[in-house]
Amino acid sequence: MPTDTLVIGQPPGMTTPAKVATPNGPGRGAMGAVGGAPGGQQPRVPKLEELSDFGGVQALEQMRVRVQELVPEGATREQAADGFIKLGQELLAAGRFVSAEQAFDQALLRQRENLFARAGRVHAQLGAGMFLSSGLELRRLLTDHPEMIPVRFDAALVMPVSRAGQIVETIREQWASNPGSPVSREGALQMAYLGYQFDEAAWLADGLAEMERLFTESPERELSLVLRRVWGGKRP
């Protein structure tokens, strides 16, 4: 009967076991550290059918733990943030935008000014159809941190291109049916941004043109002019 330690889940990117409390003392399981076998090697997780007899059940009972922290003891806030950013990245690529936003929120709770986490949250919100939230956050990100303006992300870090096309069509419909709405206004920047990220010249041109028409006061006007110069020029 295998008696390997069961693996307790932990945030993505974390390689240190989660901290737990057991009868054998905090951070230890009946057969060693929970989440990692003695010597640092990953233990084999027993299959359910291997635990079906009385001996297997007894082994499980002896491994009971209470998880005290999801982040490994000693991990820095930056390491924890990186784990959630990696999870958010994977969820974006899978089109699971609401879950991705939650992952980026968790990253930002630990590292408030992580610009990649902020950009990831914008992508997740936009992919989920949260046009106002993502538009305001995108404008704030590019205004407060102009160094993010020339950054282009791989498509998988933004959203599937098919979803980007759907969003562009939704923005165009808003322009036609409700041109004065906040969604139409934020959509100008969002369409230009998607055009830049996906190298779609028509999206970029139409978004920038609408920005120039709508963004007539500072600091929005300055942002529009800078984006025209940076995004409208040669792209990497």
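In this text the structure is predicted, and so the values were computed from the model without any measurement. (Residues numbered from 1 in each chain as written. Predicted model: local features only at pLDDT ≥ 70, side-chain atom pairs only at ≥ 80, totals over all residues. Heavy atoms only, no water.)

Helix and strand counts for the protein chain stand at nine helices and three strands. Starting at the N terminus and walking to the C terminus, you meet the elements of the protein chain as β-β-α-β-α-α-α-α-α-α-α-α. In the protein chain, which comprises 236 residues, the proportion classed as buried is 41%. When the accessible surface of the protein chain is summed, it comes to about 12400 Å², and 52% of that surface belongs to carbon and sulfur atoms. (Helix = DSSP H or I, 4+ residues; strand = E, 2+ residues; numbered from the N terminus. Buried < 20%, exposed > 50% of the residue type's maximum accessible area, 1.4 Å probe, protein only. Areas by Shrake-Rupley, 256 points an atom, 1.4 Å probe, with all protein chains shown as cover.)

Let us now look at the nonpolar core. Inside soluble globular proteins, nonpolar side chains tend to come together where they are buried. Counting residues in each nonpolar core, the largest one holds 48 residues, and the members touching the most others are Leu142, Met159, Leu194, Met211, Leu227 and Trp231. Listed by contribution, the elements that provide at least two residues to this core are helix H2 (77-93), helix H3 (97-110), helix H4 (115-127), helix H5 (131-144), helix H6 (161-177), helix H7 (182-198), helix H8 (201-214) and helix H9 (220-231). Ranked by the residues each element gives to this core, the list is headed by H7, at eight residues. Ignoring sequence-local partners within four residues, the contact set of Leu142 consists of Met148, Ile149, Leu189, Leu223, Leu227 and Trp231. (Core = buried A, V, L, I, M, F, W, Y, C linked by side-chain atoms within 4.5 Å. Contact = heavy atoms within 4.5 Å.)

On to the packing of aromatic side chains. The tally for this structure, following the rule as stated, stands at four aromatic pairs. Centroid distance Tyr196 to Trp231: 5.1 Å. Interplanar angle 15 degrees. Geometry classified as stacked. On the criterion of sequence distance, the pair formed by Tyr196 in helix H7 and Trp231 in helix H9 is long-range, its members being 35 residues apart. For Tyr196, a relative accessible area of 2% corresponds to the buried category. (Phe/Tyr/Trp six-rings, centres within 6.5 Å; stacked < 30°, edge-to-face > 60°.)

End to end, H4 covers 18 Å across 13 residues, agreeing with the expected 18 Å (1.5 Å per residue, within 8%). A large share of H4 lies buried, amounting to 12 of its 13 residues. For H4, every residue scored as buried is listed here: Leu115, Ala117, Arg118, Ala119, Gly120, Arg121, Val122, His123, Ala124, Gln125, Leu126 and Gly127. Looking at the packing, one finds that the buried side of H4 touches H2, H3, H5, H6 and H7. Two to three positions downstream of the cap, the backbone nitrogen of Phe116 sits 3.1 Å from a side-chain oxygen, assigning the N-cap of H4 to Asn114. A positive backbone phi angle near 85 degrees is found at Gly129, which sits one or two residues after H4. (Expected span 1.5 Å × (residues − 1). Polar contact = N/O pair within 3.5 Å; in protein donor to acceptor, adjacent residues only side chain to side chain.)

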